[in-house]
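Listed below are the residues making up each chain.
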2 protein chains.
Amino acid sequence: MSPRRRDAEGTAAARAERRAELLATAAEVFATRGYAATTVREVADAAGILGGSLYYHFDSKESMADEILSTFLNEMWAAYERVLDAGLGARETLTALIAESFGCIDRHRPAVVMYQNESRHLATSPRFAYLIESRRRFEEMWMSLLERGAREGAFRSDLDTALVYRFIRDTVWVAATWYQRGGRLTADQIAEQYLAMVLGGIQHE
Amino acid sequence: MSPRRRDAEGTAAARAERRAELLATAAEVFATRGYAATTVREVADAAGILGGSLYYHFDSKESMADEILSTFLNEMWAAYERVLDAGLGARETLTALIAESFGCIDRHRPAVVMYQNESRHLATSPRFAYLIESRRRFEEMWMSLLERGAREGAFRSDLDTALVYRFIRDTVWVAATWYQRGGRLTADQIAEQYLAMVLGGIQHE
DNA sequence: CATTCTTTCTAACAACTGTTTGGTAGAGTA
DNA sequence: TACTCTACCAAACAGTTGTTAGAAAGAATG
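Residues numbered from 1 in each chain as written. Chains lettered and ligands numbered in written order. Predicted model: local features only at pLDDT ≥ 70, side-chain atom pairs only at ≥ 80, totals over all residues.

**A short note on the protein's contact with DNA strand D**
What surrounds DNA strand D is a group of 20 residues, the closest being Ile-49 and Gly-52 of chain A together with Thr-39, Gly-52 and Ser-60 of chain B. Elements supplying a minimum of two residues to the surface near DNA strand D: α1 (3-33) of chain A together with α1 (3-33), α2 (40-47) and α4 (61-84) of chain B. Considering every element that reaches the surface near DNA strand D, the biggest residue donor is α1 of chain A, with 4 residues. Taken together, the residues of the surface near DNA strand D break down into 7 nonpolar, 7 polar and 6 charged. (Near = placed C-beta within 6 Å. Helix = DSSP H or I, 4+ residues; strand = E, 2+ residues; numbered from the N terminus. Nonpolar A, V, L, I, M, F, W, Y, C, P; charged D, E, K, R; others polar.)

Structure, rendered in structure tokens:
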């Protein structure tokens, strides 16, 4: 490996690290104040630089949102794929998917908040078409799991499947708005309690 | 009643009606595109007038949001009060509150969506302090109901009450983002299914 | 008919937005 | 030391934003 090559790699790595830092900051601000209501100057402020300096690292405000969301979604789907490929039963698959979802919230909380609050607005641009595609795929995954579970007798069959799907989707992901790392409960503990509620209900038997 | 008086009342009523019309339009646009991302010209467009003309009826864009949200919250709390004053058992109170919540979503869908998406951002202004107060009151109401239900044996007592509260709160209100009047299911039917899920869970017994 | 009142339009404003351009401090390299 | 490259700053840009002031159309009133 030539010195020239090593240097190029070193600076490329440093650059990527700085990008990631800035993206984390941006995601935090976007999640807190809302993407549209946040100015690039506010993001830069939070990062300790000036507004224009962001454009050395990123093409546009939009491309920041793009990178934040696509990074998160890629990681999430990779995790989901691992679960789906494990060949578990319906109940166990649901359990694993929910646990994995709370793991995603733990690792990508600001991105999840952004996905929820801004995806409908952003998806109007063709650049963010993958948001719609992800939503479609998500619905397909859950609907087929729930139908399979109802067929196999794991889940109740007297409920509207589409409603159950939304019920689970909403319950899990909205948790990103209040979850905080290092809080009273860990992501795993929350997942466990959520599962107990979703599966068994809150009524005393 | 003098003619003078009748006229004054007539124009005042007409004026209030026009305000309500414009507010309904504004709420729809705010809910769809997001409050911050919506321009007053877009609201005016949707109402068939020009941007500046809105300022004959309203002081500012902010005061539109204010009126939309406070009107909704006042109605919601009036409905909740009626339920709480009925002196029902824990389980019946929960049932009635959830049914009432879906009723609110049915009647005030755009306002509910705004409340969810924008309240955190808006609440930074002192003008919207009532949003925080409403949230506090909401939490207090539900927490005491859930604790009472657990004490009286209506609800399971092995679950984290704060988590159950968020679970119910999120599940109910997020429905506003996908609910549409005249859809496959009525608000009452959705409330019924939601109740069955929350109380009994989705697992086959 | 003339007058008044209500609602809207026209046209502008100052502030703020995302973005660009050219410069510059400082670390690394020869 | 001189040079280069990286990451940032300083200052401006054009477009958009919420908002305002004055004119005007039209209905209601006398």
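**Some remarks on the nonpolar core**
Ranked by internal contacts, the top residues of the largest apolar core, which has 102 residues, are Ile-68 and Met-114 of chain A together with Ile-68 and Met-114 of chain B. Once residues within four sequence positions are removed from consideration, Met-114 of chain A is found in contact with Ala-27, Phe-30, Ala-31, Tyr-35, Ala-65, Ile-68 and Leu-69 of chain A. (Core = buried A, V, L, I, M, F, W, Y, C linked by C-beta atoms within 7 Å. Buried ≥ 20, exposed ≤ 12 C-beta atoms within 10 Å, placed from the backbone. Contact = placed C-beta atoms within 7 Å.)

**Quick word on the relation of the copies chain A and chain B**
One copy of the chain maps onto the other through a rotation about an axis followed by a shift along the same axis. Of the transformation placing chain A onto chain B, the axial shift is 0.0 Å and the rotation is 180°, giving an RMSD of 0.0 Å. A rotation of that kind, with that shift, is consistent with a two-fold axis. Residues of chain A ranked by C-alpha distance from the rotation axis are headed by Gly-201 of chain A, positioned 1.8 Å from it. A high fraction, 100%, of the interface residues of chain A reappear at the interface in chain B, so the copies pair face to face through one surface. (Least-squares fit on C-alpha atoms with pLDDT ≥ 70 in both.)

**Overview of the interface of chain A and chain B**
At the interface, 32 residues of chain A touch 32 residues of chain B. Elements that contribute at least two residues to the side of chain A that touches chain B include exactly α5 (90-122), α7 (161-174) and α8 (187-200) of chain A. The leading source of residues in the side of chain A that touches chain B is α8 of chain A, at 8 residues. Across the side of chain A that touches chain B, the residue classes break down as 17 nonpolar, 10 polar and 5 charged.

**Things to note about the protein's contact with DNA strand C**
In the vicinity of DNA strand C, 19 residues are found, and the nearest of them are Thr-39, Gly-52 and Ser-60 of chain A together with Gly-52 and Tyr-56 of chain B. When residues of the surface near DNA strand C are traced back to their parent elements, those giving at least two are α2 (40-47) and α4 (61-84) of chain A together with α1 of chain B. The element contributing the most residues to the surface near DNA strand C is α1 of chain B, with 4 residues.

**Topic: α2 of chain B**
All names here are of chain B. Listed as buried for α2 are Val-43, Ala-44 and Ala-47. The arc that holds every buried residue of α2, seen down its axis, measures 95°, which confines them to one face. Within two residues after α2, Gly-48 carries a phi angle of roughly 80°, on the positive side. (Arc of directions from axis to C-beta.)

**Points about the environment of Leu-131 of chain B**
All names here are of chain B. Inspection of the secondary structure assignment puts Leu-131 in helix α6 (residues 129-152). Look at Leu-131 and you get buried, because 20 C-beta atoms sit within 10 Å. Residues Leu-131 and Leu-73, 58 residues apart in the sequence, show an inter-C-alpha distance of 8.6 Å. Ignoring sequence-local partners within four residues, the contact set of Leu-131 consists of Leu-69, Ser-119, Leu-122 and Ala-123.

**Some thoughts on the environment of Ala-13 of chain B**
All names here are of chain B. With respect to the helices and strands, Ala-13 occurs in helix α1. Among the residues examined, Ala-13 registers 10 C-beta atoms within 10 Å and is labelled exposed. As a C-alpha pair, Ala-13 and Arg-137 span 124 residues in sequence and 33 Å in three-dimensional space.

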